[in-house]
Amino acid sequence: MKPRIIKTDEEHAAALAYMRTLMDAAPDSPEEDELELFASLIEQYEKQRWPIDVPDPIDAIEFRMDQMGLTRKDLGKYLGSASKVSEVLNRKRPLTLTMIRALHEGLGIPAEVLLQKPGETLPPTAYDVRNYPFAAMFSSGYFGASVRTLREAREKAEELLIGLFASFSDCTSQPVYCRRTDRQINAHALTAWQARALALVGSDALPAYDTDEVDDTFFGRLVRLSHYSEGPRLVPDFLRKHGIHFVLLPHLPKTYLDGACFLSPAGAPVVGMTIRHDRLDNFWFTLMHELAHLKLHLHEDGPAFFDDTDNHACTDDDPREAEADAFARERLIPDALWQEAGLHLLISSNDQDVLELSDRLEISPAIIAGRIRWETHNYSIFSSLVGNGDVRRLFHYQFNP
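K.L.:
Explanation requested: the environment of Leu 95 in the structure shown.
P.N.:
In this fold, Leu 95 is placed in the loop between α5 (82-89) and α6 (97-107). Under the relative-accessibility criterion, Leu 95 is labelled buried at 17%. Between the C-alpha atoms of Leu 95 and Pro 57, which are 38 residues apart in sequence, the distance is 9.0 Å. Contacts of Leu 95, omitting those with residues within four sequence positions, involve Pro 57, Ile 61, Leu 79, Val 88, Ile 100, Leu 103, Leu 114 and Glu 159.

Pasting the structure below:
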């Protein structure tokens, strides 16, 4: 009989019958090799055709308790509080990965039984919850509405983090930071923010992105949106129509993040903003800074850019950050226009002069006021024109869920 993969019960029966004729094969003979081959083919078919169910995990826990003379109180070190022990044993609470690891390591219950997956082993701990601002992530809705309390989220922390980072689809980018020498960035929190941003834009169907369409006309139309009181709210649709995902997501502690630019796993550009500084001047500058990265620096292999644009100050040595700053300033107010119409404002403290230039250029007065404050390093002037408190108000549904 010629050996081949067994696909039916009839082929299985025939293989068994043929294998019986080989049972008396001499050691190291061709017949013995054939016997081993047919045994392997038969075992493979039987595993698929008649899989052996693993024992019920609660039955396994109770069996091991009986073996080891353990009480429910003893289980507390593996499952948590007495109420959790009761709920697990009464099948009212599912086992979490943390519980499964403790039971496997402490009581020696096979992982495949606790996981209910034959042949499965426990993977290494994927994420250490201590590295993440978990409470802030929970309060910002990172884990969905099904997780009702922070306590519940902490119990399922490993599963929730695995689910969160699944949005990367094994395509994480190497981040580039606009660093400050006096701040220590939590890179884990930054990656969590990016994962959540990707999850939020993941279902958006956009037209294909064409970098040639992101030209001077594109930037001119975008900047003129700033002249409208509702201008920032017009930005998401404007970018999406050009194949650019736009997401607003509050920053996490120790990220010092204002804006970001990166590619989704599908290769679509994503521009993200946090409105960490609730000012119109910061909104428009950060937006242009991230679009500069998109136009000048982003490619299919990354990197991802995460930027602290506060006061447009950056102590990072990466020349791409300086290029993005210069690109943003030029698109907001071209240098030629600034030399012609704006320089005199550097020595003026008259709000009306700023408003008149705003109408002339058809841009937000906040952009002009922000430029003056930056060039003079005086952030106490024109405070009434930079749009303090105006951005989150426009996006209240995202900042007041």
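And the narrative resumes.
K.L.:
Just checking my understanding: could you explain the sheet that holds strand β3 (residues 259-263) for this structure?
P.N.:
Each strand in a sheet pairs with its neighbour through backbone hydrogen bonds, running either in the same direction (parallel) or in the opposite one (antiparallel). The strand order across the open sheet formed by five strands is β1-β5-β3-β4-β2, and the pairing between neighbours is mixed. Each edge of the open sheet carries a strand with a single partner, namely β1 (175-177) and β2 (245-248). Strand-to-strand twist across the sheet, computed as the mean angle between neighbouring axes with direction ignored, equals 20°. Bridge count between β3 and strand β4 (residues 269-273): five bridges; the pairing is antiparallel. Bridge pairing in β4 links Ala 260 to Gly 272.

K.L.:
How should I be thinking about the side chain of Glu 290 in this particular structure?
P.N.:
For Glu 290, the location among the structural elements is in helix α14 (residues 280-296). This buried residue, Glu 290, is left without a salt bridge; Arg 276 holds the nearest opposite charge, at 10 Å. Residue contacts for Glu 290: discarding those within four places in its chain leaves Gly 259, Ala 260, Cys 261, Val 271, Gly 272, Phe 305 and Asp 307.

K.L.:
Please clarify how the nonpolar core should be interpreted in this entry.
P.N.:
One broad rule of soluble globular proteins: the nonpolar side chains tend to lie buried together. Residues Leu 222, Leu 239, Leu 287 and Leu 291 are the most contacted members of the largest nonpolar core, which totals 52 residues. Per element, the largest residue contribution to this core is nine residues, and it comes from α14. Not counting residues up to four positions away in its chain, the partners in contact with Leu 287 are Leu 222, Val 235, Leu 239, Phe 246, Val 271 and Met 273.

K.L.:
Explanation requested: the environment of Leu 200 in the structure shown.
P.N.:
Of note, Leu 200 is situated in helix α11 (residues 187-201). Each C-alpha atom, one on Leu 200 and one on Val 247, is 7.3 Å from the other, the two residues being 47 residues apart in sequence. In this structure, Leu 200 is in contact with Val 247 and Leu 249, ignoring residues within four places of it in sequence.

K.L.:
Please clarify how unusual backbone geometry should be interpreted in this entry.
P.N.:
The backbone phi angle of Arg 91 is positive, close to 65°, even though this residue is not glycine. Inspection of the secondary structure puts Arg 91 in the loop between α5 and α6. Note on Arg 91: relative accessible area 48%, which makes it partly exposed. The phi torsion at Tyr 256 lies on the positive side, around 50°, for a residue other than glycine.

K.L.:
Would you mind going over helix α17 (residues 351-361) with me for this structure?
P.N.:
Owing to its 3.6 residues per turn, the α-helix brings residues three or four apart onto one side. Of all the positions in α17, only Val 354, Leu 357, Ser 358 and Leu 361 are classed as buried. Angularly, the buried residues of α17 cover 105° about the axis, an arc narrow enough to put them on a single face. Tucked into the core, α17 has its buried residues touching α16 (335-342) and α18 (365-376). Put simply, Asn 350 is the residue that caps the front of α17, since its side-chain oxygen is 2.8 Å from the backbone nitrogen of Gln 352.

K.L.:
What exactly am I supposed to notice about α5 here?
P.N.:
Here α5 has its buried residues at Lys 84, Val 85, Val 88 and Leu 89. Down the axis of α5, the buried side of the element spans an arc of 125°, and every buried residue falls inside it. Where α5 is buried, its residues meet α3 (57-68), α4 (76-79), α6 and α9 (150-155). Of the residues one or two after α5, Arg 91 is the one with positive phi, at around 65°.

Calculation notes
- Residues numbered from 1 in each chain as written.
- Predicted model: local features only at pLDDT ≥ 70, side-chain atom pairs only at ≥ 80, totals over all residues.
- Heavy atoms only, no water.
- Helix = DSSP H or I, 4+ residues; strand = E, 2+ residues; numbered from the N terminus.
- Buried < 20%, exposed > 50% of the residue type's maximum accessible area, 1.4 Å probe, protein only.
- Contact = heavy atoms within 4.5 Å.
- Pairing = 2+ DSSP bridges.
- Axes fitted to C-alpha atoms, helices over the stretch in contact; angles between N-to-C directions.
- Lys, Arg positive; Asp, Glu negative; His and termini not counted.
- Salt bridge = Lys/Arg side-chain N within 4 Å of Asp/Glu carboxyl O.
- Core = buried A, V, L, I, M, F, W, Y, C linked by side-chain atoms within 4.5 Å.
- Arc of directions from axis to C-beta.
- Polar contact = N/O pair within 3.5 Å; in protein donor to acceptor, adjacent residues only side chain to side chain.

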